[in-house]
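Each chain, letter by letter, is given below.
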Amino acid sequence: MNLKNDLGNQAIQDVLASYPEIGEILQRYDIGCVTCKVGICLLKDVVSIHGLSKEDEAGIEAEINDYLTGKAA
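Quick summary incoming for the structure in this document. (Residues numbered from 1 in each chain as written. Predicted model: local features only at pLDDT ≥ 70, side-chain atom pairs only at ≥ 80, totals over all residues. Heavy atoms only, no water.)

Going through the model one piece at a time under the given rule, you end up with 1 salt bridge. Across the salt bridge formed by Arg28 and Glu63, the nearest N and O atoms sit 2.3 Å from each other. With Arg28 in helix α2 (residues 21–28) and Glu63 in helix α4 (residues 54–72), this pair connects stretches of sequence that are 35 residues apart. A residue is classified by how much of its surface remains accessible, and Glu63, at 25% relative accessible area, is partly exposed. (Salt bridge = Lys/Arg side-chain N within 4 Å of Asp/Glu carboxyl O. Helix = DSSP H or I, 4+ residues; strand = E, 2+ residues; numbered from the N terminus. Buried < 20%, exposed > 50% of the residue type's maximum accessible area, 1.4 Å probe, protein only.)

Written out as structure tokens, the structure reads:
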């Protein structure tokens, strides 16, 4: 995953603390890690371990990057 701001290499709990809307994106793809109390997995790993299709992974990447681009504007 090639996410802006090197977000893929950050722990999911940190990502969601800064960008809670990314949790909504993940939930649309049935990734339930949003409610995990541990939250130390990297965002890129959270996506890859769920066995999504390449198209869904690309969709998540695009949605997150579009969201981040909008936040920068």
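Okay, the nonpolar core next. Counting 20 residues, the largest nonpolar core has Leu7, Ile22, Leu26, Ile31, Leu43, Ile60 and Ile64 as the members making the most contacts within it. Listing elements by their share of this core, those giving two or more residues are α1 (12–18), α2, α3 (43–48) and α4. Here this core gets 4 residues from one element, more than from any other, and that element is α4. Beyond its immediate chain neighbours, meaning those up to four positions away, Ile64 contacts Leu3, Leu7, Ile22, Ile25 and Leu43. (Core = buried A, V, L, I, M, F, W, Y, C linked by side-chain atoms within 4.5 Å. Contact = heavy atoms within 4.5 Å.)

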